[in-house]
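Each chain, written out:
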Amino acid sequence: MAYSKEQLDAIAHNVKKYRTGKALSQEEFSNDIGVSVKTLSRIETARGCGSSTLNKISKYLGADPASLFKLKIEEKKLVGKLMMSKTFRHNRIFFYQ
């Protein structure tokens, strides 16, 4: 399934927020959910997420997969600004938690 840019942005934000909130490295979290670090990096930079990987993440979190697509109003504004920033577009790096 192909996700929209907005959906990928929300997934990226939510996955990274959870991982950093638990003080997990990408390596630790990717091992826990059973994906490569490269796959997790692609998810956290909104460059893609397969439905099977999304299911692994949501199962690990004990959450409905649909919840990974949701952002609070304040988070939508922040994610929108970050995705449009020159630094993000050129380096594909998130600067928030």
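Here the structure is a predicted model, which is why all the values come from computation and not from measurement.

A. Highlighting helix H4 (residues 51-61). Listing the buried residues of H4 in full gives Thr53, Leu54, Ile57 and Ser58. Looking straight down H4, one finds that the buried residues subtend no more than 135 degrees of arc, so they occupy a single side. Contacts from the buried residues of H4 go to helix H1 (5-21), helix H2 (26-33) and helix H3 (37-44).

B. Fine view of the nonpolar core. One finds Ile11, Val15, Phe29, Ile43, Cys49, Leu54 and Ile57 to be the most contacted residues of the largest nonpolar core, which totals 16 residues. Among the elements that line this core, the one with the most residues is H1, at 4 residues. Each residue touching Cys49, except ones within four places of it in the same chain, is listed here: Tyr3, Leu8, Ile11, Ile43 and Leu54.

C. Region of interest: the packing of aromatic side chains. Counting across every chain of the model gives 4 aromatic pairs. Residues Tyr3 and Phe69 carry aromatic rings whose centres are separated by 5.4 Å and whose planes lie at 50 degrees to one another, so their mutual orientation is tilted. Separated by 66 residues along the polypeptide, Tyr3 in the segment before H1 and Phe69 in the loop between H4 and helix H5 (73-84) bring together distant segments of the chain. When its relative accessible area of 14% is taken as the criterion, Tyr3 is described as buried. Among the residues examined, Phe69 registers a relative accessible area of 25% and is labelled partly exposed.

D. Seen up close, the side chain of Arg19. Along the chain, the position of Arg19 falls in helix H1. For Arg19, the contacting residues outside a window of four places in its chain are Leu24, Ser25, Gln26, Phe29, Leu40 and Glu44.

E. Seen up close, the environment of Lys16. Turning to its location among the elements, Lys16 is positioned in helix H1. Judged by relative accessible area, Lys16 falls into the buried class, the value being 15%. Taking C-alpha positions, Lys16 is 9.1 Å from Thr45, a pair spaced 29 residues apart along the chain.

F. Representation of the packing of H2 against H3 in the model. With their axes 9 Å apart at the nearest point, H2 and H3 run at an angle of 105 degrees to one another. Considering the angle they form, H2 stands roughly perpendicular to H3. In contact with Gln26, Glu27, Phe29 and Ser30 of H2, H3 contributes Val37, Leu40, Ser41 and Glu44.

Definitions and cut-offs
Residues numbered from 1 in each chain as written. Predicted model: local features only at pLDDT ≥ 70, side-chain atom pairs only at ≥ 80, totals over all residues. Heavy atoms only, no water. Buried < 20%, exposed > 50% of the residue type's maximum accessible area, 1.4 Å probe, protein only. Helix = DSSP H or I, 4+ residues; strand = E, 2+ residues; numbered from the N terminus. Arc of directions from axis to C-beta. Contact = heavy atoms within 4.5 Å. Core = buried A, V, L, I, M, F, W, Y, C linked by side-chain atoms within 4.5 Å. Phe/Tyr/Trp six-rings, centres within 6.5 Å; stacked < 30°, edge-to-face > 60°. Axes fitted to C-alpha atoms, helices over the stretch in contact; angles between N-to-C directions. Parallel < 35°, antiparallel > 145°, perpendicular 65-115°, else oblique.

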